[in-house]
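As a plain string of letters, each chain reads:
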Amino acid sequence: MKKLLCIGLFMLTLATQAQEQSDFKKETIEFIKITGAGSAFETAIAQLGMMVPDEKKDAYTKEANGTLDGLYDKMADLYMGEFTQPEIQELVKFYNTDLGKKLASKQLNLAQRGMAMGAILGNRSARYSGKI
């Protein structure tokens, strides 16, 4: 009887942890999407799709969009390794505020402009190192 009770408690614990992990993953994917990553992926798919011939564009778009769930899942794993569930919940709350929405709408553009600045600095250092 004790073994049966222990096994039952163990199974209940596993089921509870699996549900908590599933909720954590859903919340993390929601966070990733509201930060603007979703629109960045859609933009990337559209830009890459411009190189695809018209007769193959529908198939490309369907396949590319089909990879998004897997991409969100893998990105969620990355975030879940760095943030706790309560931290993700707080971030979701923030990104649902007016300031958070403003940040999300500007984040991609700011990151692109920052990378351009970094490239300028990289070129400058390469010039001094004799690589240019």
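Cut-offs applied
Residues numbered from 1 in each chain as written. Predicted model: local features only at pLDDT ≥ 70, side-chain atom pairs only at ≥ 80, totals over all residues. Heavy atoms only, no water. Core = buried A, V, L, I, M, F, W, Y, C linked by side-chain atoms within 4.5 Å. Buried < 20%, exposed > 50% of the residue type's maximum accessible area, 1.4 Å probe, protein only. Helix = DSSP H or I, 4+ residues; strand = E, 2+ residues; numbered from the N terminus. Contact = heavy atoms within 4.5 Å. Salt bridge = Lys/Arg side-chain N within 4 Å of Asp/Glu carboxyl O.

**Q** Mind showing me how you'd approach the nonpolar core here?
**A** Burial of nonpolar side chains together is a common tendency in soluble globular proteins. Among the nonpolar cores identified, the biggest contains 17 residues, and Phe31, Ile32, Phe41, Leu68, Tyr72, Ala76 and Ile88 are the most heavily contacted of them. Those elements that place two or more of their residues in this core are α1 (2–49), α3 (68–82) and α4 (85–95). Counting residues per element, this core draws most heavily on α1, which supplies seven residues. Once you skip the residues sitting within four places of it in the chain, Phe41 turns out to touch Leu68, Leu71, Tyr72 and Met75.

**Q** Help me out: how do you make sense of the pattern of salt bridges in this one?
**A** Taken as a whole and judged by the stated rule, the model has three salt bridges. Two residues, Lys25 and Asp77, come together in a salt bridge whose shortest N-O distance is 2.5 Å. With Lys25 in helix α1 and Asp77 in helix α3, this pair connects stretches of sequence that are 52 residues apart. Across the pair Lys93 and Glu90 runs a salt bridge, and its minimum N-O distance is 3.3 Å. On the criterion of helical spacing, the pair formed by Lys93 and Glu90 is a turn pair, its members being three residues apart in helix α4. In this structure, a network of salt bridges that share partners links the residues Lys25, Asp73 and Asp77.

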